[in-house]
Amino acid sequence: MWVQKIVQLVPRERGFHLVTDELIQELPEIDTVKVGLLSLFMQHTSASLTVNENADPSIRADFESHLNYLVPENAEHFQSKGHGADATPAHLKNTLIGFSLVIPISQGQLALGAWQGIYLGEHHTHGSSHRIVATLFGEDFEK
């Protein structure tokens with residue numbers, strides 16, 4: 001079984017946002033997969049996807065503050081300055097964290113750990129609606 005959809009995430013402000021439930025809601029076919037994989041590919045260069053701890057909300061603030069420390073806005077050594085102060089840092093953060101994930105599916109559920117969730121890292125001050133190509137493949141329960 002193969003399913004591919006474009007999932008349009010709602011716009012969010014800068015920061016790290018749990019999007020696990022939003023993605024699952026857009027992909028009801030996950031329920032029918034006995035064993036498989038979900039590939040998520042973001043079609044943007046100013047945001048990122050990651051899997052991390054989903055219980056403590058302060059971890060999201062820590063991600064944001066640490067990344068801003070590593071990749072500050074308006075750094076003197078940035079050559080690309082024409083798209084706004086947050087453009088180059090957003091692209092660098094995308095490269096550091098990543099723009100795609102592959103998550104196993106087992107018995108109709110994402111096989112995430114007990115304290116894991118899927119995060120959207122929005123790296124622009126005022127984020128836009130991001131498109132994710134979600135490709136689901138695996139064996140369904142009927143086989």
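Residues numbered from 1 in each chain as written. Predicted model: local features only at pLDDT ≥ 70, side-chain atom pairs only at ≥ 80, totals over all residues. Heavy atoms only, no water.

**Student:** Teacher, can you tell me more about the nonpolar core here?
**Tutor:** Proteins that are soluble and globular tend to have nonpolar side chains buried together. L23, L38, L40 and I118 are the most contacted members of the largest nonpolar core, which totals 22 residues. Broken down by secondary-structure element, the contributors of at least two residues to this core are β1 (2–8), β3 (33–42), β4 (47–53), β5 (100–106), β7 (116–126) and β8 (131–140). At four residues, the largest contribution of residues to this core is made by β3. Setting aside its immediate chain neighbours within four residues, L40 contacts L23, L49, F99, S100, L101, I103, I118, I132, V133 and A134. (Core = buried A, V, L, I, M, F, W, Y, C linked by side-chain atoms within 4.5 Å. Buried < 20%, exposed > 50% of the residue type's maximum accessible area, 1.4 Å probe, protein only. Helix = DSSP H or I, 4+ residues; strand = E, 2+ residues; numbered from the N terminus. Contact = heavy atoms within 4.5 Å.)

**Student:** Mind showing me how you'd approach the sheet that holds β4 here?
**Tutor:** Sheet strands pair via backbone hydrogen bonds, and the direction of the pair is either parallel or antiparallel. Strand order in the open sheet made by the three strands is β2-β7-β4, with antiparallel pairing throughout. Edge strands, defined here as strands with exactly one partner in the open sheet, are β2 (13–18) and β4. Between one strand axis and the next, the sheet turns by 20° as a mean value, whatever way the strands run. Sheet analysis places β2 next to β7, joined by five bridges and oriented antiparallel. If you follow E13 over to β7, its bridge partner there is H126. Docked against the sheet, helix α2 (residues 58–70) engages β2, β4 and β7, running at close to 135° with respect to β2. Those strands touched by helix α3 (residues 87–97) are β2, β4 and β7, and its axis lies near 165° from that of β7. (Pairing = 2+ DSSP bridges. Axes fitted to C-alpha atoms, helices over the stretch in contact; angles between N-to-C directions.)

**Student:** I tried to follow unusual backbone geometry on my own but got confused; where do I start?
**Tutor:** Peptide bonds are, in most cases, trans, and in most cases residues other than glycine have a negative phi. One non-glycine residue, Q107, adopts positive backbone phi at about 55°. Mapping Q107 onto the fold places it in the loop between β5 and β6 (109–110).

**Student:** Looking at this structure, how should I read the pattern of salt bridges?
**Tutor:** Taken as a whole and judged by the stated rule, the model has four salt bridges. As a salt-bridge pair, E64 and R14 come within 3.8 Å of each other at their nearest N and O atoms. Remark: R14 occurs in strand β2 and E64 occurs in helix α2; sequence separation between them is 50 residues. The class of E64 is buried, set by a relative accessible area of 12%. Its relative accessible area of 23% is what places R14 among the partly exposed residues. Residues E73 and R14 are paired through a salt bridge, measuring 2.4 Å at the closest nitrogen-oxygen approach. (Salt bridge = Lys/Arg side-chain N within 4 Å of Asp/Glu carboxyl O.)

**Student:** Could you clarify how one ought to interpret the pairing of β8 in this entry?
**Tutor:** Regular strands have side chains that alternate between both faces of the sheet. Where β1 lies against β8, seven bridges are found, and the strand directions are antiparallel. Across the sheet, V3 pairs through a bridge with L136, a residue of β8. Bridging between β3 and β8 involves nine bridges; their strand directions are antiparallel. Note that in β8 the partner of G36 across the bridge is G138.

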